[in-house]
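# Working through the structure, step by step
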Amino acid sequence: MPAFPPRSSQRKAALALVLLAGLVAGSGCTVANSDSLTGGADGALQIALQQEPPTLEPCESSLTSTGIVVRSNITEPLVERDPTSGALKPLLATGWKATDDHTWTFTIRDGVRFHDGTPFDAEDAAFSITRAVGSKLGCNVDGYVFADSKLEVSAPDARTLTVKTKDPDPILPLRLSFLEIVPTGTNTKSKVREPVGTGPYKVADWDSGISLRLDRVDGYWGTKPDYPAVRYVWRTENSIRAAMVASGEAGIAVGLGPEDGAGDLGVAFPNNETTALRMDVNVTPLNDIRVRRAVNYAIDKNGIVESLFLKLGEPAGQLVAAGVVGHDPAIKAWPYDPAKAKALVAEAAAAGVPVRTPITLIARTAQFPKVAETAEVMQEALSQAGLNVKIKMLDTAAHLEYQLRPFVRDAGPTLLLIMHGNQAGDAAFTTSQYLKSDGPQSQYGTAALDEMIAQAGEKTGRERAQAFGKVLAYQNENVVQYAHIAHMRGLIGIASNVRYKPNSASTDELRLAEIHPAE
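Conventions adopted
- Residues numbered from 1 in each chain as written.
- Predicted model: local features only at pLDDT ≥ 70, side-chain atom pairs only at ≥ 80, totals over all residues.
- Heavy atoms only, no water.
- 1 Å grid on protein atoms, 1.4 Å probe; cavity = no way out; pocket = protein on both sides within 12 Å on 5 of 7 lines; lining within 4 Å.
- Points joined across faces, edges and corners; volume = space filled by probe spheres on them.
- Helix = DSSP H or I, 4+ residues; strand = E, 2+ residues; numbered from the N terminus.
- Nonpolar A, V, L, I, M, F, W, Y, C, P; charged D, E, K, R; others polar.
- Phe/Tyr/Trp six-rings, centres within 6.5 Å; stacked < 30°, edge-to-face > 60°.
- Buried < 20%, exposed > 50% of the residue type's maximum accessible area, 1.4 Å probe, protein only.
- Core = buried A, V, L, I, M, F, W, Y, C linked by side-chain atoms within 4.5 Å.
- Contact = heavy atoms within 4.5 Å.
- pLDDT = per-residue confidence, 0-100.
- Salt bridge = Lys/Arg side-chain N within 4 Å of Asp/Glu carboxyl O.
- Expected span 1.5 Å × (residues − 1).
- Pairing = 2+ DSSP bridges.
- Axes fitted to C-alpha atoms, helices over the stretch in contact; angles between N-to-C directions.
- Parallel < 35°, antiparallel > 145°, perpendicular 65-115°, else oblique.
- Left-handed = near helix turned anticlockwise from the far one by under 90°.

## Section: empty space enclosed by the protein
Under the criterion given, the structure shown has four cavities of 30 Å³ or more. Considering only enclosed or pocket space, the largest cavity measures out at about 860 Å³ in volume. For the largest cavity, the lining is made up of 48 residues, of which Thr-64, Glu-273, Arg-364, Thr-507 and Asp-508 are closest to its centre. Among the elements that line the lining of the largest cavity, the one with the most residues is strand S17 (residues 482-494), at five residues. Of the residues assigned to the lining of the largest cavity, the class counts are 22 nonpolar, 21 polar and five charged. Computed from the structure, the second largest cavity encloses a volume of approximately 80 Å³. Surrounding the second largest cavity, 13 residues form its lining, Arg-71, Arg-81, Gln-423, Glu-509 and Arg-511 being those nearest its centre. When its residues are assigned to classes, the lining of the second largest cavity shows five nonpolar, three polar and five charged.

And the structure:
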């Protein structure tokens, strides 16, 4: 993947370093202790994140801020998806096959132990699935990946796992690539803070608000990763994270923007992330489809991509990006037409819709570079169309309360700025989560759309792709719950003494075993 070109001026990088020095001096502590530098005293790798993980609970690893630390590092799934080719590869399962239309059988790997020394077998796999899917634990992976499916799971012997589905599910192994395995005995009544897994690293120390350290596991069953320890720190200011990479304070810095000062250490990559506004269709004035269409016409997506994202993306007309099964290249972004937006709002107002009702545009701090500026641009555009929009910036935990069921009650009409990454490569995960009437992140749907989603999910191959393309087109024409903005490209900072090739999953799943010291 080519590196992002250096900035035309070195002043921004220098300024970021000055800001970093000021932060250190003002706080009275160092950004990284001597033993946490890349290639430091203990050989530890330091990674700079935008925010502290809200939890390390494995069944919440489909959340970006959790999965980037947990997935395939602390815990592991039965099956692992290659994010470049899309192929499924054996991990804790060595093989799998559909034994009938409703049943999949998996062969469980022998010789694997959890961090606490207990051996892993099929009972652990069955327990992990039952704990996360269809349980009262309220795991994000349940709704997002399994769409609240009802599964029958059994372990006939230590090396065999069977999973039965109510309806035929041709992509069950792909779904299971998102489910991290934990040992039997893991709490089933509440989520765990520091999980026990089978991965190459284990939690060594979590100093809330400061840092999180993982140590390499002796006797790990797979290939031993290069770094004996990894320390995660979080800095909300993009320029600070970029400066940490430039100065050698960190080996990796995620979530950077093109103007943050990483220079030629900033590597661009397609991250399968799509930004969009989710509209609360149940509340006036957004319950009028004319108003929702006006929101789509009012936003200058090309302008946002060009001026705010500095071309790290392209205007979007659907929630899934190219390369995902179901993406339809014939679906284009809504055209920018402020006059039409204004006319639609006026038409709704003439019909008695209270279009001046205050609408809250909710965005998450550090959601992506220049998120606040993006929200302000959209606020102004919607105001010009005749709507009354206010901005509310929230942290991750507060934003999730609006994003996931049960939604915040009595919030009034809202436009929620989301960033959806379909790393699984199949539109089933997007549609069941974001478009179904009862989807965990959907506020509205129709019976016709629900039926289309169900039928598409039972198909395979080209028919599957075409069916999901029709689902996405139907949403745009008849439901209009979303105003799509852009398919994004990510930028990750990689220090000169670190070797790593980012891929479409790097935003959500940063596999430590794939990061190496530069030769």
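## Remarks on the packing of aromatic side chains
Aromatic ring pairs are defined here through the distance separating the ring centres and the angle between the ring planes. The tally for this structure, following the rule as stated, stands at seven aromatic pairs. Relative to Trp-334, the ring of Tyr-297 lies with its centre 5.0 Å away and its plane at 70 degrees, an arrangement referred to as edge-to-face. Taken together, the residues Tyr-297 in helix H7 (residues 289-298) and Trp-334 in the loop between strand S13 (313-315) and helix H9 (338-350) connect sequence positions 37 residues apart. For the pair formed by Tyr-297 and Trp-334, the shared burial category is buried.

## A short note on the nonpolar core
Counting residues in hydrophobic clusters, the biggest one holds 58 residues, and the most contacted among them are Leu-78, Phe-120 and Leu-161. By residue number, the principal contributor to this core is helix H14 (residues 461-479), which donates six residues. For Phe-120, the contacting residues outside a window of four places in its chain are Leu-78, Leu-92, Ile-108, Arg-109, Val-112, Arg-113, Phe-114, Ala-125, Arg-159, Ile-181 and Thr-198. With 43 residues, the next largest nonpolar core counts Leu-45, Leu-214, Ala-253 and Leu-265 among its residues.

## Re the confidence of the model for the chain
Within the chain, residue pLDDT values average 90, and 92% of them lie at 70 or more. Contacts of residues 1-37 to residues separated by more than four positions or lying in other chains number 66 contacts, the stretch itself having pLDDT below 50.

## Observations concerning the pattern of salt bridges
Tallied over the entire structure, the rule returns 18 salt bridges. Put simply, Glu-347 and Arg-290 hold a salt bridge, and the shortest N to O gap is 3.6 Å. On the criterion of sequence distance, the pair formed by Glu-347 in helix H9 and Arg-290 in helix H7 is long-range, its members being 57 residues apart. Bridged by salt links that share partners, the residues Arg-71, Glu-80, Glu-180, Glu-509, Arg-511 and Glu-514 form one connected network.

## A look at H9
For H9, with 13 residues, the first-to-last C-alpha span of 18 Å sits near the 18 Å given by 1.5 Å per residue. Buried positions along H9 lie against H7. Of the residues trailing H9, Gly-352 is marked for its positive phi of about 100 degrees.

## Focus on the pairing of strand S6 (residues 151-157)
The sheet contact formed by S6 and strand S7 (residues 160-165) spans five bridges and is antiparallel. By the bridge assignment, Asp-157 is partnered in S7 with Thr-160. Connecting the antiparallel pair S6 and S7 is a turn made up of two residues.

## Focus on unusual backbone geometry
With glycine set apart, most residues show a phi of negative sign, and most peptide bonds adopt trans. Of the consecutive residues Thr-284 and Pro-285, the connecting peptide bond is found in the cis state with omega at 5 degrees. Turning to its location among the elements, Pro-285 is positioned in the loop between strand S12 (266-279) and H7. That bond from Arg-405 to Pro-406 is cis: its omega, -5 degrees, falls within 30 degrees of zero. Along the chain, the position of Pro-406 falls in the loop between helix H11 (396-403) and strand S16 (414-421). Unusually for a residue other than glycine, Ala-366 sits at a positive phi of about 65 degrees. Secondary-structure assignment places Ala-366 in the loop between strand S14 (359-364) and helix H10 (371-384). According to the relative accessible area criterion, Ala-366 is buried, its value standing at 16%.

## A look at the packing of helix H12 (residues 427-434) against H14
In contact at an axis separation of 10 Å, H12 and H14 are set at 30 degrees when each is read in the N-to-C sense. Regarding the angle of H12 to H14, the classification is roughly parallel. Like other packed secondary-structure pairs, H12 and H14 cross with a definite hand, here left-handed. The residues of H14 that touch H12, namely those facing Ala-427, Ala-428 and Thr-431, are Arg-464, Phe-468, Val-471 and Leu-472.

## Observations regarding the environment of Leu-212
Here Leu-212 lies in strand S9 (residues 211-216). Here Leu-212 falls in the buried class, since its relative accessible area comes to 0%. Apart from residues no more than four positions distant in its own chain, Leu-212 is found in contact with Leu-56, Val-69, Val-203, Asp-205, Trp-206, Val-230, Arg-231, Tyr-232 and Trp-234.

## Remarks on the packing of helix H13 (residues 447-457) against H14
Between H13 and H14, whose axes approach to 9 Å, the crossing angle comes to 165 degrees. Considering the angle they form, H13 stands roughly antiparallel to H14. Like other packed secondary-structure pairs, H13 and H14 cross with a definite hand, here left-handed. Residue-level inspection shows Ala-448, Leu-449, Met-452, Ile-453, Ala-456 and Gly-457 of H13 in contact with H14, the latter providing Arg-464, Ala-467, Phe-468, Lys-470, Val-471, Tyr-474 and Val-479. In terms of residue class, the contact of H13 with H14 is built from ten nonpolar, one polar and two charged.

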